[in-house]
Amino acid sequence: MNSKMSDRRGFLKGSAALAGLAVGSIPFANGKALASVTPALINGGNGAAPLPTNLGVTPDEPTIQDLLYGGRSKYETSVRSHSVNGPTGTRNLTPLQDTIGVITPSSFHFLVLRDQHLPNINPREHTLMIYGMVDRPTVFTMEEIKRLPSVSRVHWLECTGNSGMMHYRAYLQNLKAGRKDDMTLIQAMHGRTSCSEWTGVPLSLLLKEVGVQKGASWLVSEGNDLSRHAKSMPLAKAMDDVFVAYGQNGEALRREQGYPLRMLVPGSQGVNNVKYLKSIKLVDKPYYIQSEISGYTNPKPNGQASWYETQQGPKSLITFPSDPHKLPGPGLYEISGIAWCGRGKIARVEVSTDNGRTWKDANLQQPVMTKAWTRFRLGWNWDGTETVIMSRCTDESGAVQPTMMELARFWGDQVEPHIPASEIEHWWANSSIAQEFLNPQILPWRVKPDGSIHDALYNTLLPNPYFPV
Amino acid sequence: MRCTTPYCRIRISRSKSYFLLPVMALLACGTAMAQLPTYKVGRPATEAEMRPWDAVVGSDGKELPPGSGSAKEGAALFAAQCSFCHGKDGQGGVIVPTSFGFTYSRLVGGVGTINSPTGIKTVGSYMPYATTIWDFINRAMPPFPLEKNLTPDNVYAAVAFILYKNGIIKETDVMDKNSLLEVQMPNRHGFYPDPPQEKPGKDGYWLPRWELAAKPAAK
């Protein structure tokens, strides 16, 4: 232990010396100030040297914030956009058009707040209670949870209503009302998904610690936000790959992502990933909580609704080029996008640049991870004529992302008497209540001769009597 | 027969189970040992912390606390604390500001509209259990920034008022932990009978019904 510590001190001294050297070699306008801040930074700000206040005098000189936590170039301005049907000022949707690779920066990660309250929880006071049908109802502190064996995994989250027709309706209403702001279509329609590396403790481990009793088959997790969001989950899923997460992208969870602790339910609807997690109750049936009945069920045309459909199917989306982009002219471009699914890995992504007539296999970014975004890329020589581009993916079980018409046909066959696809597509696309579920349909973009990119799916369903804009 | 360990899907025929008894006894031992805590962190939860009505309430109402209220009592409460968002008679119409903008402010009416393109989800037209309303009001209402100040009596009264406005109970009916469970919601049978996850597919996983629409990959 002692030798380790002295090693560390030696390392720190060495780093300080190196940093000093580096500082000496860079012609800063105020070299003295930077030299004085370096030891203080290495000592975590607690060293003898006071933090300087005279940094950032000239434009290229780093401010103390640049050095303590950093920031992006002032030329990068992409931000989350406000929900199209939420109040102005609430910004919560991921700018997919600007995402690169498969990790969404925490500052871009979409968020959903049940009300306008953003909890600010002290981790020293936060506890997780596991109770109900267990042998040993237990309260864990955050410190205790962090002592347990942890895992880090990359997983996407997606809001249940992402890509739903209701958002297009709201988007058009916003345009009509002159409320475009810097809202883009891809962000407004599909920005309710993000992908992070999450770190935490497997729920199966915690459940073994408390001893699940015979007969328990579901659990209800509850958050410590003011609306106390709660959600039921099958025990089998909980024992499979669910974990309670305290880390996101190499640091603690962001406040808007449930700091200090959240549920992470890979491959399922976002609503299951309860934030500010404070309790888990083991029970013998789903609990029919408001948030799993009102908003996350699917009424079918026969009046029957299905519920507890939580697993996402194969879904993909071209993020470049997409709605806000404008191609400067004919030539070579790299089509890029994301694919994800709720079961296993993405096995294949195909791209069509001729409105679905021919398809080419895209390159998949490696490694392809389970229940994580998979970035796909394909070179494309645009000849400058109008066309429609789209992607479709296949998961490792062989399931292929369906077209909207295939989905509609399936829904029509689900009910007695069968409903023709033409009718059910109309119903499905326009119902005010049927959109609150995962929308996995193929999402095409129209490329206009002037290089601008437009939606090529939702506007084809207009106009109709059920869709007043 | 079926192994009772919840995470085990092995099926053994009844006739052969006799021969497997010694093996099963061993397995049971192993299971019991595996259920002992390994890391021994955390402290026992206290009764007060597990106070059932402070947490989620399920459809069998086990956690419902003592207390009662009627629509008559609920009317004044509703007017004072709920009508701002939900309308004087629960008819809704006010956009409730949430970050995702959905408003479920309408509580009354819409019965029989769920199978139409302009369907209206309300307590009366959609909710299958009255306990769901009790649970939601108790935990989430009134929303931030208003103060959460409802007693169990208040919640029973508010639920009674909403059920009365939906024509489900009478104005004088008293709601308590027993009578609430007897309320027959109009849409009680409006859902598929079983959550799909209770019947996992042949690979052991539950599938959303629509995923079956995805066609197999072309060879």
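Visitor: So what about the overall build of chain A? Which residues, and what values?
Guide: The helix and strand inventory of chain A stands at 10 helices and 23 strands. Every one of the 469 residues in chain A was classed for burial, and the buried ones make up 59%. Sequence-distant contacts in chain A: of pairs separated by 6 or more residues, those separated by 24 or more amount to 71%. Of the roughly 18,400 Å² of accessible surface on chain A, a fraction of 53% belongs to carbon and sulfur atoms.

Visitor: Give a detailed account of the sheet that holds strand β16 (residues 331-340) of chain A, specifying residues and quantitative values.
Guide: If you trace the 4 strands from one edge of the open sheet to the other, you get β15-β16-β20-β19 (chain A), paired in antiparallel fashion. Looking at strand neighbours, the two that pair on one side only are β15 (315-320) and β19 (363-364) of chain A, the edges of this open sheet.

Visitor: Please give an account of the environment of M390(A) that cites residues and values.
Guide: Note on placement: M390(A) falls in strand β21 (residues 387-395). Excluding residues that lie within four positions of it along the chain, M390(A) makes contacts with I318(A), E350(A), V351(A), S352(A), N355(A), G356(A), W359(A), I442(A), L443(A) and P444(A).

Visitor: Go over the side chain of T94(A) with me, naming the residues and quoting the values.
Guide: All names here are of chain A. Mapped onto the elements of the fold, T94 is located in the loop between β2 (91-93) and β3 (127-132). On the basis of relative accessibility, which here comes to 0%, the residue T94 falls in the buried class. Ignoring sequence-local partners within four residues, the contact set of T94 consists of T99, T104, F108, H109, F110, Q187, G191, T193 and S194.

Visitor: Before we move on, can you summarise the packing of helix α4 (residues 130-140) of chain B against helix α5 (residues 152-165) of chain B with the specific residues and values?
Guide: Residues and elements named next belong to chain B. Here α4 crosses α5 at 130 degrees, and the two axes come no closer than 9 Å. What the angle tells us is that α4 and α5 run oblique. Here the hand of the crossing between α4 and α5 comes out right-handed. Here α4 contributes A130, I133, W134, I137 and N138 to the contact with α5, which in turn contributes P152, V155, Y156, A158, V159, I162 and L163. Residue composition of the contact of α4 with α5, grouped by class: 11 nonpolar, 1 polar and no charged.

Visitor: Describe the packing of aromatic side chains, naming the residues involved and giving the relevant values.
Guide: Inspection of every chain in the model, using the stated rule, returns 6 aromatic pairs over all chains. For the pair Y288(A) and Y129(B), a centre-to-centre distance of 4.6 Å together with 40 degrees between the ring planes defines the contact as tilted. In this pair, Y288(A) sits in the loop between β12 (277-283) and β13 (298-299) while Y129(B) sits in the loop between α3 (123-126) and α4, so the two residues belong to two different chains. Look at Y288(A) and you get buried, because its relative accessible area is 9%. Classification of Y129(B) by relative accessible area gives buried; the value is 14%.

Visitor: Summarise the sheet that holds β12(A); cite the residues concerned and give the values.
Guide: Pairing within the open sheet is mixed, and its 6 strands lie in the order β8(A)-β7(A)-β12(A)-β3(A)-β4(A)-β1(B). Because the sheet does not close on itself, it has two edges, and the strands there are β8 (230-234) of chain A together with β1 (43-44) of chain B. With 4 bridges joining them, β3(A) and strand β4 (residues 138-141) of chain A adopt antiparallel strand pairing. What sits directly across from M129(A), in β4(A), is V139(A). Against the sheet, helix α7 (residues 203-210) of chain A engages β3, β4, β7 (218-223) and β12 of chain A, with an angle of about 60 degrees to β3(A).

Visitor: Lay out the environment of L443(A) with the relevant residues and their values.
Guide: Residues and elements named next belong to chain A. Mapped onto the secondary structure, L443 falls in the loop between α10 (421-430) and β22 (445-447). For the pair L443 and A456, spaced 13 residues apart in the sequence, the C-alpha separation amounts to 7.7 Å. Ignoring anything within four residues of it in the chain, the contact list for L443 reads S163, H190, K315, S316, L317, M390, L457 and Y458.

Visitor: Talk me through the environment of M405(A); I want residue IDs and the actual numbers.
Guide: Residue and element names in this part refer to chain A. Tracing the chain through its elements places M405 in helix α9 (residues 404-414). The partly exposed category is assigned to M405, whose relative accessible area is 30%. Separated by 37 residues in sequence, M405 and I442 have C-alpha atoms that sit 9.7 Å apart.

Visitor: Describe α7(A), with residues and values.
Guide: Residues and elements named next belong to chain A. Among the 8 residues in α7, 7 count as buried, and that is most of the element. For α7, the full list of buried residues reads L203, S204, L205, L206, L207, E209 and V210. Directly beyond the C-terminal end of α7, a positive phi value near 75 degrees is found at G211.

Cut-off values and rules
- Residues numbered from 1 in each chain as written.
- Chains lettered and ligands numbered in written order.
- Predicted model: local features only at pLDDT ≥ 70, side-chain atom pairs only at ≥ 80, totals over all residues.
- Heavy atoms only, no water.
- Helix = DSSP H or I, 4+ residues; strand = E, 2+ residues; numbered from the N terminus.
- Buried < 20%, exposed > 50% of the residue type's maximum accessible area, 1.4 Å probe, protein only.
- Contact = heavy atoms within 4.5 Å.
- Areas by Shrake-Rupley, 256 points an atom, 1.4 Å probe, with all protein chains shown as cover.
- Pairing = 2+ DSSP bridges.
- Axes fitted to C-alpha atoms, helices over the stretch in contact; angles between N-to-C directions.
- Parallel < 35°, antiparallel > 145°, perpendicular 65-115°, else oblique.
- Left-handed = near helix turned anticlockwise from the far one by under 90°.
- Nonpolar A, V, L, I, M, F, W, Y, C, P; charged D, E, K, R; others polar.
- Phe/Tyr/Trp six-rings, centres within 6.5 Å; stacked < 30°, edge-to-face > 60°.

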